[in-house]
Amino acid sequence: MSNDKIKSLSPIVLPPLPYADNALEPVISANTIGFHYGKHHRGYVDNLNKLVAGTEFADMTLEKIITGTAGKADKTAIFNNAAQAWNHTFYWRSLKSKGGGEPSVVLKKKIETSFGTLDVCKKELATAAMAQFGSGWVWLVLDGNKLKVVKTGNAEVPMTTGMKPLLTIDVWEHAYYLDYQNRRADYVNAVIDKLINWSFAEENLG
Ligand SMILES: [Fe+2]
């Protein structure tokens, strides 16, 4: 699924989870998914639909709403809910049951060109996740022809600064608190080792 396929005209719909709510156990519990997808992600979509009703954004795709409101102080609430709706759909796709391991040859070569080794790339993801103060996201992105790890605060997305997201890890507390309490590093390392969906990242390269 490429980035530009995550779109839906108003009303924006909550896309189905791409797996069962217990598919990511034991790294992420069905209980966490129940709240994270069922309450948080759904909440962003519901809020967004209320906020855009009757406005110029009502019939736009999610991506158009995000780019149309980014950086505009009077549109912060719409941006935040639209970006969070998009980010979560992208996050669910960035994980899979029995993920982790090694990417396929094409992505692995690209990772080695940009980071030296896959291990360095994984360490940068984990380090960025810990360095993000408060809520936010860690991303593997394509910036020009180079892969990079970047972090964004709150609802911010890499697309608004010209970078193409390949995969993301949610580091808001709601992503891990029920399973890991305050141990963000344990959550992030387990996600990278056991759930990360390298083939989704590779699809997004194209
Ligand atoms: Fe989240």
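Refer to the structure printed above.
Residues numbered from 1 in each chain as written. Predicted model: local features only at pLDDT ≥ 70, side-chain atom pairs only at ≥ 80, totals over all residues. Heavy atoms only, no water.

1. What about the coordination of the iron ion?
A four-donor tetrahedral metal ideally has 109.5 degree angles, and a six-donor octahedral metal ideally has angles of 90 or 180 degrees.
Move 1: Listed as protein donors to the iron ion are H36 (NE2), H88 (NE2), D170 (OD) and H174 (NE2); their distances from the metal cover 1.9 to 2.1 Å.
Move 2: Geometry at the iron ion is tetrahedral, judged from its four donor atoms and the angles of 88 to 127° they form at the metal.
Move 3: In terms of primary sequence, the donors binding the iron ion are separated according to H-x51-H-x81-D-x3-H. Of this pair, H36 sits in helix α1 (residues 30-52) while D170 sits in strand β3 (residues 164-170), and the two are 134 residues apart along the sequence. (Donors = N, O, S within 2.8 Å, 3.2 Å for Na, K, Ca; no water. Tetrahedral: all angles 85-135°; square planar, octahedral: opposite > 155°, others 65-115°. Helix = DSSP H or I, 4+ residues; strand = E, 2+ residues; numbered from the N terminus.)

2. Topic: the sheet that holds strand β1 (residues 136-143)
The pairing of strands in a sheet happens through backbone hydrogen bonds and is either parallel or antiparallel.
Move 1: As summarised here, the arrangement of the three strands in space is β2-β1-β3, forming an open sheet in which the pairing is antiparallel. Of all the strands in the sheet, just β2 (146-153) and β3 have a single pairing partner and so form its edges. Looking at each pair of strands side by side, their axes are set apart by 25° on average, direction ignored.
Move 2: Packed on one face of the sheet, helix α8 (residues 198-205) meets β1, β2 and β3 and runs near 155° to β3. (Pairing = 2+ DSSP bridges. Axes fitted to C-alpha atoms, helices over the stretch in contact; angles between N-to-C directions. Contact = heavy atoms within 4.5 Å.)

3. Examining the pattern of salt bridges
Opposite charge on two side chains allows them to pair when their charged atoms are near.
Move 1: Per the counting criterion, the structure on display carries six salt bridges.
Move 2: A salt bridge links K75 to D74; the nearest nitrogen and oxygen atoms lie 3.2 Å apart.
Move 3: Taking the shortest distance from any N to any O, the salt bridge between K148 and D143 comes out at 2.5 Å. (Salt bridge = Lys/Arg side-chain N within 4 Å of Asp/Glu carboxyl O.)

4. Observations concerning empty space enclosed by the protein
Move 1: In the structure shown here, the tally under the stated rule is one cavity of 30 Å³ or more.
Move 2: Lining the largest cavity are P15, P16, P18, H41, T89, W92 and R93.
Move 3: Its residues assigned to classes, the lining of the largest cavity comprises four nonpolar, two polar and one charged. (1 Å grid on protein atoms, 1.4 Å probe; cavity = no way out; pocket = protein on both sides within 12 Å on 5 of 7 lines; lining within 4 Å. Points joined across faces, edges and corners; volume = space filled by probe spheres on them. Nonpolar A, V, L, I, M, F, W, Y, C, P; charged D, E, K, R; others polar.)

5. Looking at unusual backbone geometry
Move 1: Across the junction of E25 and P26, the peptide omega takes the value 5°, indicating a cis bond.
Move 2: When you line up the elements, P26 lands in the segment before α1.
Move 3: In this model, K98 sits at a positive phi of 60°, which is unusual for a non-glycine residue.
Move 4: Secondary-structure assignment places K98 in the loop between α3 (76-94) and α4 (105-115).
Move 5: Residue classification places K98 among the exposed positions, given a relative accessible area of 79%.
Move 6: Of note, N154 is a non-glycine position whose phi angle comes to about 50°, a positive value.
Move 7: Tracing the chain through its elements places N154 in the loop between β2 and β3.
Move 8: By relative accessible area, which is 46% here, N154 ends up partly exposed. (Buried < 20%, exposed > 50% of the residue type's maximum accessible area, 1.4 Å probe, protein only.)

6. Description of the packing of aromatic side chains
Move 1: Applying the stated criterion to the full structure yields 10 aromatic pairs.
Move 2: Counting every residue linked through ring pairs, the aromatic cluster contains Y37, W86, F90, Y91, W92, W137, W139 and F200. (Phe/Tyr/Trp six-rings, centres within 6.5 Å; stacked < 30°, edge-to-face > 60°.)

7. What about helix α7 (residues 184-194)?
For the α-helix, the turn length of 3.6 residues means that residues three or four positions removed from each other point alike.
Move 1: Along α7, the positions that sit buried rather than exposed are R184, Y187, V188, A190, V191 and I192.
Move 2: Contact partners of the buried residues in α7: α3, α5 (118-131), β3 and α6 (177-180).

8. Some thoughts on the nonpolar core
Side chains of a nonpolar character, in soluble globular proteins, are inclined to be buried together.
Move 1: Counting 67 residues, the largest nonpolar core has I28, L140, L147, Y187, V191 and W198 as its most contacted members.
Move 2: Counting residues per element, this core draws most heavily on α3, at nine residues. (Core = buried A, V, L, I, M, F, W, Y, C linked by side-chain atoms within 4.5 Å.)

9. Brief notes about the environment of D186
Move 1: The residue D186 is located in helix α7 in this model.
Move 2: A distance of 2.9 Å separates polar atoms of two side chains, one belonging to D186 and the other to R183. (Polar contact = N/O pair within 3.5 Å; in protein donor to acceptor, adjacent residues only side chain to side chain.)

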